[in-house]
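# Summary of structural features
Now for the letters of each chain:
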Amino acid sequence: MHIWGYLKMFSIKNLKVNYGGIEAVRDISFDVPDGSIVSLIGANGAGKSTTLRTIAGLVKARSGKIEFSGEDITNREPAYIVQKGITLVPEGRKIFADLTVLENLKIGAYLRSDSLEEDLEWVYSLFPRLKERSWQLGGTLSGGEQQMLAVARALMAKPKIMMMDEPSLGLAPLIVKDIFSIIKEINRLGVTILLIEQNANMALQVADMAYVMETGQIALSGKGSELLKNEDVKKAYLGS
């Protein structure tokens, strides 16, 4: 059940990030309410991936604040961020090609000390194809199956927020539909989603709230349904 608009779980305040000598993120602020799907859209180089990588602790913020459930988690180590309940499904999947599907999933739970059996079965119920291929090496899976594995691996950390960087990149249209159905189902089960997606049409269709990023800044924001109808967004990102 969505309780979007009532409980603020996660907020970015005046975030600035330098990346490779460039000011990649320039003083952005936005909230991710509990139970919501929030999409960031924009051209390549707009600062979207840098924003997610900074939240995940992989890139250091120059200034500003990242708050999660009232705690300042700015520039904490990635393992701490995962322990707090925030996981990242990176662009390009980044699965371990020489490990089996099951081994990849267990790596997603590397910070956990409890039993994994129940969650493995839950993940396999979401992704039946992964159960069929549990002993297959990750590198031998199709692109769509690798993306499913990347999502499933992140779920094994039992996240409260799942950040996803270009989950549909390079996938056939039919597989993209499957991935977005899975995103909606994960959200329905209680996981908050922060999504970066080149396929702006799909991203805005599923988003409760969306932000358009341009050259490191937020140029536009609104409900996903509103931005789908926005003429500037249509021209720039929806190909119409």
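Scroll up to find the structure this text is about.
Now for a look at the structure at hand. As the structure is a prediction and not an experimental result, all values here were calculated from the model.

On to the overall build of the protein chain, then. Within the protein chain one finds 10 helices and 10 strands. Expected size for 240 residues packed as a compact globule is a radius of gyration near 18 Å; at 17 Å, the protein chain falls within 12% of this value. Overall, the protein chain is about 45 × 40 × 40 Å in size when its C-alpha atoms are taken along their principal axes. In the protein chain, which comprises 240 residues, the share counted as buried stands at 50%. Put simply, 67% of the contacts in the protein chain that link residues at least 6 apart link residues at least 24 apart. The average position of the 28 basic charges and that of the 28 acidic charges among the side chains of the protein chain differ by 2 Å.

Applying the stated criterion across every chain, the model contains 13 salt bridges. Among the salt bridges present, the one from K13 reaches E67, with a minimum N-O distance of 3.3 Å. Within this pair, whereas K13 is found in strand β1 (residues 8–19), its partner E67 is found in strand β4 (residues 63–68), the two being separated by 54 residues in sequence. When the shortest N-O distance is used, the salt bridge between R129 and D178 registers 3.8 Å. Of the two residues, R129 is situated in helix α5 (residues 128–132) and D178 in helix α7 (residues 173–188); the sequence distance between them amounts to 49 residues. What makes R129 partly exposed here is its relative accessible area of 29%.

A few words now on the sheet that holds strand β9 (residues 209–214). Consider a sheet: its strands pair through backbone hydrogen bonds, and that pairing is either parallel or antiparallel. The strand order β6-β7-β8-β3-β9-β10 describes an open sheet built from 6 strands, whose pairing is mixed. The strands lining the two open edges of the sheet, one partner per strand, are β6 (86–89) and β10 (217–223). For this sheet the average axis-to-axis angle between neighbouring strands, irrespective of direction, equals 15°. As judged from the 4 bridges shared by strand β3 (residues 37–41) and β9, these two strands associate in the parallel manner. Each bridged residue has a counterpart across the sheet, and for V38 the counterpart in β9 is M209. Sheet contacts for α7: β3, β7 (161–165) and β8 (192–196); angle to β8, the most-contacted strand, approximately 150°.

This paragraph deals with the packing of aromatic side chains. Taken as a whole and assessed by the stated rule, the structure comprises 2 aromatic pairs. Aromatic pair F10 and F68: ring centres 6.1 Å apart, planes at 70°, arrangement edge-to-face. Here the residue F10 occupies a position in strand β1, and F68 occupies one in strand β4, the gap between them amounting to 58 residues. The exposure class of F10 is buried, given its relative accessible area of 1%. Taken together, a centroid distance of 5.2 Å and an interplanar angle of 40° make the contact between F30 and Y211 tilted. Residue F30 is located in strand β2 (residues 22–33), and its partner Y211 is located in strand β9; the two are separated by 181 residues in the primary sequence. With a relative accessible area of 3%, F30 lands in the buried category. A relative accessible area of 10% means that Y211 is categorised as buried.

The subject of this paragraph is the nonpolar core. One finds L105, F127, M162 and I193 to be the most contacted residues of the largest nonpolar core, which totals 46 residues. In this structure, M162 is in contact with T87, V89, V151, A154, L155, V191, T192, I193 and L194, ignoring residues within four places of it in sequence.

Criteria and thresholds
Residues numbered from 1 in each chain as written. Predicted model: local features only at pLDDT ≥ 70, side-chain atom pairs only at ≥ 80, totals over all residues. Heavy atoms only, no water. Helix = DSSP H or I, 4+ residues; strand = E, 2+ residues; numbered from the N terminus. Rg over C-alpha atoms; globule rule 2.2 N^0.38 Å. Buried < 20%, exposed > 50% of the residue type's maximum accessible area, 1.4 Å probe, protein only. Contact = heavy atoms within 4.5 Å. Lys, Arg positive; Asp, Glu negative; His and termini not counted. Charge placed at Lys NZ, Arg CZ, Asp CG, Glu CD. Salt bridge = Lys/Arg side-chain N within 4 Å of Asp/Glu carboxyl O. Pairing = 2+ DSSP bridges. Axes fitted to C-alpha atoms, helices over the stretch in contact; angles between N-to-C directions. Phe/Tyr/Trp six-rings, centres within 6.5 Å; stacked < 30°, edge-to-face > 60°. Core = buried A, V, L, I, M, F, W, Y, C linked by side-chain atoms within 4.5 Å.

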